[in-house]
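Topology and contacts: notes
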There are 2 protein chains.
Amino acid sequence: MAIRPAEQLIHKAAWLYYAHGLRQDQVASQLNISRASVAMYLRKARETGIVNISTSTQLFTDDVLARKLEDALSLDAVWIAPENDHIADPSTEIAVLAASVFLELVKKGDRIGVAWGRTVYMIADVMSYADLQDVTVVQLCGNLGAPYSYRPDQCTMEIARRLNAKGLNFYAPLVLSTEELARALRAEPVIREQLSGVSECDLALYSVGAVDADSHLVKCGALTPSEMADLRSQGAAGVIAGQIIDAEGKVLDCSYNRRVISAELASLRAIARRLVVVQEDSKFEPLLAAIAGGLCTHLVVGARMAQRLLDHAAATTEKAS
Amino acid sequence: MAIRPAEQLIHKAAWLYYAHGLRQDQVASQLNISRASVAMYLRKARETGIVNISTSTQLFTDDVLARKLEDALSLDAVWIAPENDHIADPSTEIAVLAASVFLELVKKGDRIGVAWGRTVYMIADVMSYADLQDVTVVQLCGNLGAPYSYRPDQCTMEIARRLNAKGLNFYAPLVLSTEELARALRAEPVIREQLSGVSECDLALYSVGAVDADSHLVKCGALTPSEMADLRSQGAAGVIAGQIIDAEGKVLDCSYNRRVISAELASLRAIARRLVVVQEDSKFEPLLAAIAGGLCTHLVVGARMAQRLLDHAAATTEKAS
DNA sequence: CACGGCTCTCGACAAAAGTCAAACTGGGCG
DNA sequence: CGCCCAGTTTGACTTTTGTCGAGAGCCGTG
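Read on for a plain summary of the structure. Note that the coordinates shown come from a computational prediction; the quantities given were computed from them, not determined experimentally. (Residues numbered from 1 in each chain as written. Chains lettered and ligands numbered in written order. Predicted model: local features only at pLDDT ≥ 70, side-chain atom pairs only at ≥ 80, totals over all residues. Heavy atoms only, no water.)

**Focus on the overall build of chain A**
- Scanning chain A from N- to C-terminus turns up 16 helices and 10 strands.
- Its C-alpha atoms give chain A a radius of gyration of 22 Å, near enough to 20 Å, the size a compact globule of 321 residues would have.
- Dimensions of chain A along its principal axes, counting C-alpha atoms only, are 70 × 50 × 30 Å.
- Residues counted as buried form 54% of the 321 residues belonging to chain A.
- Sequence-distant contacts in chain A: of pairs separated by 6 or more residues, those separated by 24 or more amount to 69%.
- Surface accessibility of chain A: about 14100 Å² in total, with carbon and sulfur atoms responsible for 51%.
- Between the centroid of the 32 positive side chains of chain A and the centroid of its 38 negative side chains there is a distance of 6 Å. (Helix = DSSP H or I, 4+ residues; strand = E, 2+ residues; numbered from the N terminus. Rg over C-alpha atoms; globule rule 2.2 N^0.38 Å. Buried < 20%, exposed > 50% of the residue type's maximum accessible area, 1.4 Å probe, protein only. Contact = heavy atoms within 4.5 Å. Areas by Shrake-Rupley, 256 points an atom, 1.4 Å probe, with all protein chains shown as cover. Lys, Arg positive; Asp, Glu negative; His and termini not counted. Charge placed at Lys NZ, Arg CZ, Asp CG, Glu CD.)

**Quick word on the interface of chain B and chain A**
- Counting residues at the interface gives 30 residues for chain B and 30 residues for chain A.
- Of all residues in chain B, Trp15, Thr55 and Leu59 of chain B give up the largest surface area on contact with chain A, accounting jointly for 25% of the area buried on that side.
- Our enumeration of links across chain B and chain A arrives at 2 salt bridges.
- Our enumeration of links across chain B and chain A arrives at 10 residue pairs in polar contact (both at pLDDT 80 or more).
- Mapped by element, the contributors of at least two residues to the side of chain B that touches chain A are helix H1 (6–19), strand E1 (51–55), helix H4 (58–62) and helix H6 (90–105) of chain B.
- A per-element tally of the side of chain B that touches chain A places H1 of chain B first, with 7 residues.
- Taken together, the residues that form the side of chain B that touches chain A break down as 11 nonpolar, 13 polar and 6 charged.
- When strand E1 (residues 51–55) of chain A meets E1 of chain B, the two strands line up antiparallel, connected through 5 bridges. Residue pairing for E1 of chain B: Val51 of chain A is matched across the bridge by Thr55 of chain B. (Buried area = accessible area lost by both parts, 1.4 Å probe. Salt bridge = Lys/Arg side-chain N within 4 Å of Asp/Glu carboxyl O. Polar contact = N/O pair within 3.5 Å; in protein donor to acceptor, adjacent residues only side chain to side chain. Nonpolar A, V, L, I, M, F, W, Y, C, P; charged D, E, K, R; others polar. Pairing = 2+ DSSP bridges.)

**Regarding the sheet that holds strand E3 (residues 111–114) of chain B**
Residues and elements named next belong to chain B.
- Taking strand neighbours across the sheet as the criterion, the 7 strands line up as E2-E10-E9-E6-E3-E4-E5 in an open arrangement whose pairing is parallel. Only two strands of the sheet have a single partner each, and these edge strands are strand E2 (77–81) and strand E5 (166–168). Strand-to-strand twist in this sheet, taken as the mean axis angle between neighbours without regard to direction, amounts to 20°.
- Bridge analysis of strand E4 (residues 136–139) against E5 gives 3 bridges, and the strand direction is parallel. Each bridged residue has a counterpart across the sheet, and for Val137 the counterpart in E5 is Gly167. (Axes fitted to C-alpha atoms, helices over the stretch in contact; angles between N-to-C directions.)

**Remarks on the packing of helix H2 (residues 24–31) of chain A against helix H3 (residues 35–48) of chain A**
All names here are of chain A.
- Direction vectors running N to C along H2 and H3 enclose 105°, while the axes themselves pass 8 Å from each other. With respect to H3, the axis of H2 lies roughly perpendicular. For the pair H2 and H3, the contacting residues are Gln24, Asp25, Val27 and Ala28 in the first and Arg35, Val38, Ala39 and Leu42 in the second.
- Taken together, the residues of the contact of H2 with H3 break down into 5 nonpolar, 1 polar and 2 charged. (Parallel < 35°, antiparallel > 145°, perpendicular 65-115°, else oblique.)

**Considerations on the protein's contact with DNA strand D**
- By nearness alone, 16 residues border DNA strand D, and Ser34 and Tyr41 of chain A together with Arg23, Gln24 and Arg35 of chain B come closest of all.
- The sugar-phosphate share of atoms of DNA strand D within 4 Å of the protein amounts to 66%.
- A distance of 2.5 Å is found between a phosphate oxygen of DNA strand D and a side-chain nitrogen or oxygen belonging to Arg23 of chain B.
- Gln24 of chain B is positioned with one of its side-chain polar atoms (N or O) 2.5 Å from a phosphate oxygen of DNA strand D. (Near = heavy atom within 4 Å.)

**Details of the protein's contact with DNA strand C**
- Around DNA strand C, 15 residues are found, and the nearest of them are Tyr17, Arg23 and Gln24 of chain A together with Ser34 and Tyr41 of chain B.
- Counting only the atoms of DNA strand C within 4 Å of the protein, the fraction contributed by sugar and phosphate is 71%.
- Side-chain polar atom of Ser37 of chain B to a phosphate oxygen of DNA strand C: 3.0 Å apart, as the coordinates give it.
- One nitrogen or oxygen atom from the side chain of Tyr41 of chain B is found 2.5 Å from a phosphate oxygen belonging to DNA strand C.

**Let's talk about the sheet that holds strand E3 (residues 111–114) of chain A**
Residues and elements named next belong to chain A.
- In spatial order, the strands read E2-E10-E9-E6-E3-E4-E5; together these 7 strands make up an open sheet with parallel pairing. The open sheet has two free edges, formed respectively by strand E2 (77–81) and strand E5 (166–168), since each of these has just one partner strand. Across the sheet, the mean angle from the axis of one strand to that of its neighbour is 20°, orientation sign disregarded.
- Pairing between strand E9 (residues 273–277) and strand E10 (residues 298–302): 3 bridges, direction parallel. Paired with Val276 across the two strands is Leu299, which belongs to E10.
- This element, helix H7 (residues 118–126), spans E3, strand E6 (203–206) and E9 of the sheet and lies at about 115° to E6.

**Comments concerning the side chain of Asp110 of chain A**
Residues and elements named next belong to chain A.
- Its place among the elements puts Asp110 in the loop between helix H6 (90–105) and E3.
- Owing to a relative accessible area of 4%, Asp110 belongs among the buried residues under this scheme.
- Ignoring sequence-local partners within four residues, the contact set of Asp110 consists of Leu105, Asp134, Val135, Thr136, Asp202 and Arg273.

**What to know about the pairing of E4 of chain B**
All names here are of chain B.
- Burial along E4 is two-sided: Thr136 and Val138 and Val137 and Gln139, pointing in opposite directions, are all buried.
- Pairing geometry for E3 and E4, over 4 bridges, is parallel. Note on E4: the bridge partner recorded for Ile112 is Val137.
- Handedness of the E3-helix H7 (residues 118–126)-E4 crossover: right-handed. (Right-handed = clockwise from strand over helix to strand, strands pointing away.)

**Here's the deal with unusual backbone geometry**
All names here are of chain A.
- At Asn32, a position not held by glycine, the phi torsion is positive, near 60°.
- As for its position among the elements, Asn32 is in the loop between H2 and H3.
- The backbone phi angle of Asn164 is positive, close to 60°, even though this residue is not glycine.
- With respect to the helices and strands, Asn164 occurs in the loop between helix H8 (152–163) and E5.

**Section: helix H10 (residues 189–196) of chain B**
Residue and element names in this part refer to chain B.
- Those residues of H10 that sit buried are Ile191, Gln194 and Leu195. Taken end-on, H10 shows its buried residues confined to a sector of 95°, consistent with a single buried face. Residues of H10 that are exposed and point more than 90 degrees away from the buried face comprise Pro189, Arg192 and Glu193.
- As for H10, its buried residues are in contact with E4, E5 and helix H9 (179–187). (Arc of directions from axis to C-beta.)

**Focus: the relation of the copies chain B and chain A**
- Of the two same-sequence chains, chain B is brought onto chain A (RMSD 0.1 Å, axial shift 0.0 Å) by a rotation of 180°. In the structure described here, the two chain copies are related by an operation that fits a two-fold rotation axis. Nearest to the rotation axis, the C-alpha of Ile53 of chain B is located 2.2 Å from it, this being the minimum over chain B.
- Residue by residue, 100% of the interface of chain B is reproduced at the interface of chain A, so both copies engage with the same surface. (Least-squares fit on C-alpha atoms with pLDDT ≥ 70 in both.)

**Observations regarding the pattern of salt bridges**
- Applying the stated criterion across every chain, the model contains 33 salt bridges over all chains.
- A salt bridge links Glu158 of chain A to Arg161 of chain A; its shortest N-O distance comes to 3.0 Å. Placement of the pair is Glu158 of chain A and Arg161 of chain A together in helix H8, with a separation of 3 residues, close to one helical turn.
- Among the ionic pairs, Asp281 of chain B bridges to Arg304 of chain B, the shortest N-O distance being 2.7 Å. With Asp281 of chain B in the loop between strand E9 (273–277) and helix H15 (284–292) and Arg304 of chain B in helix H16 (residues 303–320), the pair connects residues that are 23 residues apart, well separated along the chain.
- The partly exposed category is assigned to Asp281 of chain B, whose relative accessible area is 26%.
- Via salt bridges that share partners, Asp125, Glu158, Arg161 and Arg162 of chain A belong to a single interconnected network.

Printed below as a string of structure tokens:
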């Protein structure tokens, strides 16, 4: 910044244009600058979240399917992204929708817990900018030195950056080699504080991982494919914030879980709004597990997944009756 | 509506345009309609609040003056509209700012109390549309059959309409001719309920009236100019939600006040966020009274008024020390 | 069943907004 | 002191968007 006439002018231009509804040339003459500059300021205003343009996501909850799912699974709200016909890329559609929903759920002063994964990073990537200085984004689990761009700390920081919020990173690895070390590290004041701060969050955002060789845990070297297969045969159904859960959504009793530094599931459940986003159709069982474990209050999925969930719920209640 | 393709199409067009960032012609070909129709849908989407465009009002709190006022008067937040040089119409500027601030303060699920007056109606008039179905707007005081468009019920309904919220009107006159009748009416279940519901509001919006012959109370025939002058000599300093207050912000002990049907000041004070907006420079004393009475937590005023308030506060503390 | 009245739709034009390369500005630095 | 750099500003051009009047489909009514 040369002399930073910026900030103030950007605000003024945005105000005159968006709040007063002046045309760009009128704004330009009011501020004694060229219209081209006004256009540039306005772009910056949009990019930095000084102006907010948001579209209601109602369309996606209005679906009867969404209502039925809310009832069947007792969720607070469900959004369903269409996948029929000519939607270019359903997974992008889900991410865009999730980003909008997320922004709709954030309130001033919130503390937000964010996990990691391809889905979470994709959401961060398409999220529009906002100006929420009094918001804090905290990382829900330890770090993983991955060659990918969706490392836990990157997910947290990118979302914090988009919101103009404070980002609170976790300075510990996700998995350690021994249980003792994990226990010792968890007892460290810095880590302990971070972990106990999780339940004070007002909103959480995560996806759920599959228990297979394609899992990020395997790709990042936290587990070998054969260990993963073992866990699967021991009842592993999904991955939440780096932890393995069983079909009931409980932490699986295994060495791996004991070596992980991450928010406890009870802390996650203490968060009022838990937004779960699932893009891949293959994550049906992991998602069921997360829902069974009460780890989800708000859900964003594609239409096919929604239908499967509903069919499953119907079959289950039928069997029970 | 011919066959109401509207709602759904408007939503879809808005989504593709604003959330996905497509151009209008791309949206048009996706939806198999002409670009002209897309443009029309988008306008409707903006007009109905399906898309929200809001600009941060930070610029107006950033002022040092605003900070000083917050401290001096212990208010939660102050917004100051510039009045210097080439601002076309300061009172419109204040109304536009107040509308933005108001929208920024509203949260989902809120219950909002609204009083009446020219200022409040002007704010409603420039307020942009939003889509907040779970919000309720309640009228804070009884009605006045005025020949103006800013009748209490109209203020309430207009704001409710803009927000797409529920409007709860008050079916009682503001002033009755005898104290007995007022007392009896206040005891009526319907009215009682409405009045007791006021303290459950999360947000209130009102201005403050002056005690002079120009007051709406006089114009609408609730008081004669000479009665008003009398009240003034008895210590009346301002009007809040149809009630006369003294310089300390307490209800003035007078027949008029006993004949009024309106929210009690204690109920108003029970509302967490009380947004007071003052446009006219002449309302200095009424505003002081309202602040003294703790009826204001959030304030929107013009720069001159802000300066006067600050000078007054400085003089007062100086005298005290 | 023909008639207005109604809204929705579209093509064509006018207006506004976006973009880009070139000119400019005000420090920092050799 | 003059040069360079990075960010800003601008005029001219292109693209995108807004708008208007005409036409088309639909319904209730006479």
